[in-house]
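# Summary of structural features
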Amino acid sequence: MLKHQPKLAISADFLDAFSKLPKRTQARTTDFIEKFKKNPTSSGINYEKINNAKDPNLKSVRVDGSYRAIVLKPSKGNIYTLLWVDNHDEAYDWAQRRVCKINPESGSLQIIDIEQVSAIETEITSRKAPEIPGRFDKIPDKYLLRLGIPNELLTAIRAVVTDTDIDQIIPQLPEEAADALLMIGAGYSVEETLAQQFKKTEQKVDTDNIDAALQTDDSKRRFRVVEDDAELLEILAAPLEKWRVFLHPSQRRLVERDWKGPVRVLGGAGTGKTVVAMHRAKWLAENRFTNNGDTFGELRLTHFIHNVYS
């Protein structure tokens, strides 16, 4: 028995890559992940250094003769995160360009494509006239970071002047940072944006603590700590249905809360009401109606699920 049982986390990017693998390779990858989850520190798992990697904590592990998975191997702590899977050369290329690090102000874990960020920064700054102020010049760095913008993108953000600049930079931002930038670009103040995103004004962040970073709402938008083998197989069985795995923070606040009475959730078509309802039912079953013989709870949960589909 391991003294400190290692844990496994999976990123949304990994599920995207997994969904594109040939079916036979998916099966081999699933077998590998099951073994990896049981003990990622096993001597049978050969962590390979990635030459010219921007992030020394990214390692390659062998899935089979042709495919490799990219893992964030912690310098401390006991949580191992699967980030990508691909053919050998493509997997190494993916890892060489990226860093996976904790934002020093928001506390979330973020994956950043350094080469793409550098290219965008060069393009945006090259067309900005020195005498023209940037749209976000008046916002201190610490607030931009707190909104989720990675440190590596601050220079590019400072050079943003036009809506075209924003459109170009949005795809390279973590979701929470993209949301914040669009809100500020639309006229919201920093304070209003932080309040809308339920961000703390001040917090102490340990940029080496992956375990704590993965517990933030923003990290949960793109990473999932896998609790048991059944859950792992369920995730891998439908990797494209990421709504089953990842929730927006506003959805999570509806799901994981003890309400004093009935709650009505309103929204247009496609806004995620049913997703919230199903996650709520799962959360209630796992966290509230847990006693054997909880007939009343079972009846309430059955009634709840019936109302979702009626």
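Before reading further, recall that the structure is shown in the block above.
Below you will find a few notes about this structure. (Residues numbered from 1 in each chain as written. Predicted model: local features only at pLDDT ≥ 70, side-chain atom pairs only at ≥ 80, totals over all residues. Heavy atoms only, no water.)

This brings us to unusual backbone geometry. Positive phi, normally seen in glycine, also occurs at Asn52, with a value near 65°. Mapping Asn52 onto the fold places it in the loop between strand S2 (48-49) and strand S3 (58-62). Asn52 gets classed as exposed once you look at its relative accessible area, which sits at 67%. (Helix = DSSP H or I, 4+ residues; strand = E, 2+ residues; numbered from the N terminus. Buried < 20%, exposed > 50% of the residue type's maximum accessible area, 1.4 Å probe, protein only.)

One finds Phe14, Phe36, Leu82 and Leu109 to be the most contacted residues of the largest nonpolar core, which totals 45 residues. Among the elements that take part in this core, strand S5 (residues 79-87) stands out by supplying six residues, more than any other. Those residues in contact with Phe36, other than ones at most four positions away along the chain, are Leu8, Ile45, Tyr47, Val71, Tyr80 and Leu82. Ranked by size, the runner-up nonpolar core spans 28 residues in total, among them Ile124, Leu154, Leu173 and Val190. (Core = buried A, V, L, I, M, F, W, Y, C linked by side-chain atoms within 4.5 Å. Contact = heavy atoms within 4.5 Å.)

In this section: the packing of helix H1 (residues 12-19) against helix H2 (residues 23-38). Direction vectors running N to C along H1 and H2 enclose 145°, while the axes themselves pass 10 Å from each other. Counting all contacts with H1, which are made through Phe14, Phe18 and Ser19, the residues of H2 involved are Gln26, Thr29, Thr30 and Ile33. (Axes fitted to C-alpha atoms, helices over the stretch in contact; angles between N-to-C directions.)

Judged by pairing direction, the sheet is mixed, and its six strands sit side by side in the order S2-S3-S4-S5-S1-S8 without closing on themselves. Looking at which strands have only one partner, the edges of the open sheet turn out to be S2 and strand S8 (223-226). Set on the sheet, H1 makes contact with strand S1 (7-11), strand S4 (67-72) and S5; between it and S5 the angle comes to about 30°. Relative to the sheet, H2 contacts S1, S3, S4, S5 and S8, its axis offset from that of S5 by approximately 160°. (Pairing = 2+ DSSP bridges.)

Note on placement: Gln110 falls in strand S7 (residues 109-113). By relative accessible area, Gln110 is classed as buried at 1%. For Gln110, the side chain forms a polar contact with the main-chain oxygen of Gly148, separated by 2.7 Å. Each residue touching Gln110, except ones within four places of it in the same chain, is listed here: Val99, Cys100, Lys101, Asn103, Gly148, Pro150, Pro174, Glu176 and Arg222. (Polar contact = N/O pair within 3.5 Å; in protein donor to acceptor, adjacent residues only side chain to side chain.)

With that settled, consider the packing of aromatic side chains. Tallied over the full model, the rule gives six aromatic pairs. A ring pair is formed by Phe36 and Tyr80, whose centres lie 6.4 Å apart and whose planes are at 85°; its orientation type is edge-to-face. Placement of the pair is Phe36 in helix H2 and Tyr80 in strand S5, with a sequence separation of 44 residues. Judged by relative accessible area, Tyr80 falls into the buried class, the value being 8%. Ring geometry for Trp84 against Trp94: centres 5.1 Å apart, planes inclined by 5°, an arrangement best described as stacked. Here Trp84, found in strand S5, pairs with Trp94, found in helix H3 (residues 88-96); they are ten residues apart in sequence, far enough to count as distant. On the accessibility criterion, Trp84 (16% relative accessible area) is buried. A connected cluster of aromatic rings, assembled from ring pairs, spans Phe32, Phe36, Tyr47 and Tyr80. (Phe/Tyr/Trp six-rings, centres within 6.5 Å; stacked < 30°, edge-to-face > 60°.)

Remember that side chains alternate between the two faces of the sheet whenever the strand is regular. Of all five residues in S1, four are buried, a share of seventy percent or more. Of the strand pairs in this sheet, S1 and S5 are connected by four bridges, and their pairing is parallel. Bridge pairing in S5 links Leu8 to Tyr80. Sheet topology places S1 next to S8; four bridges connect them, and they run antiparallel. Considered in S8, the bridge of Ala9 is made with Val225.

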